[in-house]
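# Coordinates in review
The chain contents come next:
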Amino acid sequence: MTRQRPVSPFESVYFLDLGPAGLPLYDMPEFVESLVRGRPDPALMRRALVLLTEHHPILRCEVTSGEEGLLLRVRDRIEPPLTVLDGIEETYAELINSRPDWTESLVHAWLLTDGERSQVVLGIHHGIADGRSAFALLDEFWRYYTALAAGADPAPERREELSPAIDTRLAGSFPDAEIDALVDAIAQGAGAEAKPATLPTEGVGRPGRPAATRRFAVDRLEFGPETTQAVVAAARTRGVTVNSLVTGLVLTAVRAQLAPKHGPLTLTCGHGVDLRTRLTPELPLSTVLNCITGLQTTLAVGHDDLPETVGRTVADQVAGALARRDPERFLLAALRAGARGIAVPVPVVSYGISNVGRIPAHPVPEHMELLRFGGTANAPGMPPKTGVASFGGRLLVQNEYDTWTYGPEQMRRLRETLHATLTDLAIE
C-alpha cells in the first residue's frame, strides 16, 4: 500500500520556489465556490470536510523531505481549517488573492456570510488537484453536507493508497527515441518562431494599481438558461461548439485592441488539456490529482475575421494536436529536458482559454437554494485567460487576469465586447 510517494517532476513546480527563473506556480491555490441562499452549519461543514479527507488520501498528505527530494506522505487524520468570515463579494475578492498555510493542510475551507446569502469556498493546493477534480470535490462535499443535514450518516470508503502522478502514469507511453528527439529539438531551439502579439502590459508599475489583496481580478459573465440555450443554438448554426465560438470571440476581441488596425496578426491561444482523458482507461474526475497540461495553437487573426471562423481554425488545430498526442509527448520531453539541465522556453501566449465543460448543479439541503458556483486560479504574471463552463445549464464566461500586469481599461473593453456579442447572438 502506497501511503508515501515522491512529488513528481510535473508536480514539483507547484511545491518548489524556483524564483524569477521559474513558472509562477509555487504554492498556487485552486479555489472553487458555491453561493447559496441559506446558512450552512459550520459544525456539519467540518464533518463533511473530514469525510472528504477520509475518501481522498492525497488531501491528508503532508509535504516532507526525503533523501531524493520532496515526498507526499499520508497522515492518519486531518481536520481541514474552516474560517468563517463576514461579507461575500469584497471578502471573496480578497480571499482569492491570499495563499493558505499549506503546512497545516493541503485543503482549506471558508464560509462567507452576508444576510441570507452564504458562500462556501474550498481552496486546494494546485500541486495535488486541478480545476476539474476541484469541482468534483466541491460536488462531493455538498453531497456529504446535504446527507448530514438530513440526519444521515454518510460513510465513504476510507482510502489509504496515493494515486501515481500523471507524469509517472505517462512514463513509458512513448519510445525513448521519440522523446529524446523532442528533447534535442528543445535544446537546439528548433521550431522557434516570432513571438505572437500580446496585449500590452500597461499595468506594470503603473501608479494607483490595486493593493496586493486585490491583485487578481475575476470578471464573471453569467447567462440564464434561456440565453444559454440560445447561445448554444447560435453556435450550432455556425457549425462550432460554444467553447470554439467563445475562443473566436476572445481572439478577435484581443486582435481589435492591437496595432496595426488592419491586416493579420499572429496570436497564440493557450489551452488546458486534461490528461485524465488521454489515459487508457481514463481516470475518473473523482481521482484528485493535478492532470492539466498546456497546449498552444498559433494562427493569423485579421481585424475583420469572423469569430466562428477563428474558433473553427483553433478547434481544428487542437484536434490535430490531440490526435498526434502532442500534449503528452511535449510534457514528457520538457520534463526530460529539464532533468538534463536544458532550458525549456516558456511559451508566449496571447490569451488563454480554459474549457471546463458542463458541470451539473450539485445538491444542497432542502432549506437552501443554490444561486451559483464557480472557481478561479491565478498567479503573478500569468497570461490572462477566459474560462468557459456550463454550471447547471447556465453559461459562465469568466475573465481572470493579473491587474498588476494588465490595465483595467483593456480588460473592460474585452468584457464589454464578450457580453455584447453573446447577448446579440442570443436574440438573433
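Located above this text is the structure these notes cover.
What comes next concerns the included structure. Every value quoted in this text rests on a predicted model; they were computed, and no experiment measured them.

### Examining the pattern of salt bridges
Considering all chains together, one arrives at 35 salt bridges under this definition. Among the ionic pairs, E222 bridges to R394, the shortest N-O distance being 3.4 Å. Taken together, the residues span a long stretch of sequence, with E222 in strand β8 (residues 216–223) and R394 in strand β14 (residues 394–402) at a distance of 172 residues. Take E222: its relative accessible area is 28%, and that puts it in the partly exposed class. Residue class for R394 comes out partly exposed when judged on its relative accessible area of 30%. The closest approach of N and O atoms between E409 and R412, which form a salt bridge, is 2.2 Å.

### Considering the packing of helix α8 (residues 242–256) against helix α11 (residues 408–426)
Packed helices, taken two at a time, are described by their axes: the angle between them and the distance between them. Between α8 and α11, the shortest axis-to-axis distance is 10 Å and the interhelical angle comes to 135°. Between α8 and α11, the crossing angle belongs to the class labelled oblique. Between α8 and α11 lies a crossing whose hand is right-handed. Residues L245, V246, L249, V250, A253 and V254 of α8 touch α11, and the partners they reach there are L414, T417, L418, T421, L422 and L425. Grouping the constituent residues of the contact of α8 with α11 by class yields ten nonpolar, two polar and no charged.

### Quick look at the sheet that holds strand β2 (residues 29–37)
The five strands are arranged β5-β6-β7-β2-β12 in an open sheet whose pairing can be described as mixed. A strand with exactly one partner marks an edge of an open sheet, and here the two such strands are β5 (82–86) and β12 (369–376). When strand polarity is set aside, the average angle formed by the axes of neighbouring strands in this sheet is 20°. Relative to β12, β2 is paired through seven bridges, and the arrangement is antiparallel. Counted as the bridge partner of F31 is T376 from β12. The strands touched by helix α4 (residues 131–149) are β2, β7 (117–125) and β12; relative to β2, the strand with the most contacts, the crossing angle is about 35°.

### Some thoughts on the packing of helix α7 (residues 225–237) against α11
Packing of α7 against α11 brings their axes to within 8 Å, and their N-to-C directions diverge by 85°. One element, α7, and the other, α11, form an angle in the roughly perpendicular class. Along the contact surface, α7 presents T227, A230, V231 and A234, while α11 presents L422, L425 and A426.

### With respect to the sheet that holds strand β3 (residues 61–66)
Across the sheet, which stays open at both edges, the three strands sit in the order β1-β4-β3 with antiparallel pairing between neighbours. The open sheet has two edge strands with one neighbour each: β1 (4–6) and β3. For this sheet, the mean inter-axis angle between neighbouring strands, taken without regard to orientation, is 30°.

### Observations concerning unusual backbone geometry
For the peptide bond that leads from A259 to P260, omega is -5°, which places it in the cis range. Topologically, P260 is positioned in the loop between α8 and β9 (265–274). Cis geometry marks the peptide bond from T280 to P281, where omega comes out at -5°. Residue position: P281 is located in the loop between β9 and β10 (292–301). Phi at D27 is positive, roughly 55°, even though this residue is not glycine. As for its position among the elements, D27 is in the loop between α1 (9–12) and β2.

Cut-offs and rules
Residues numbered from 1 in each chain as written. Predicted model: local features only at pLDDT ≥ 70, side-chain atom pairs only at ≥ 80, totals over all residues. Heavy atoms only, no water. Salt bridge = Lys/Arg side-chain N within 4 Å of Asp/Glu carboxyl O. Helix = DSSP H or I, 4+ residues; strand = E, 2+ residues; numbered from the N terminus. Buried < 20%, exposed > 50% of the residue type's maximum accessible area, 1.4 Å probe, protein only. Axes fitted to C-alpha atoms, helices over the stretch in contact; angles between N-to-C directions. Parallel < 35°, antiparallel > 145°, perpendicular 65-115°, else oblique. Left-handed = near helix turned anticlockwise from the far one by under 90°. Contact = heavy atoms within 4.5 Å. Nonpolar A, V, L, I, M, F, W, Y, C, P; charged D, E, K, R; others polar. Pairing = 2+ DSSP bridges.

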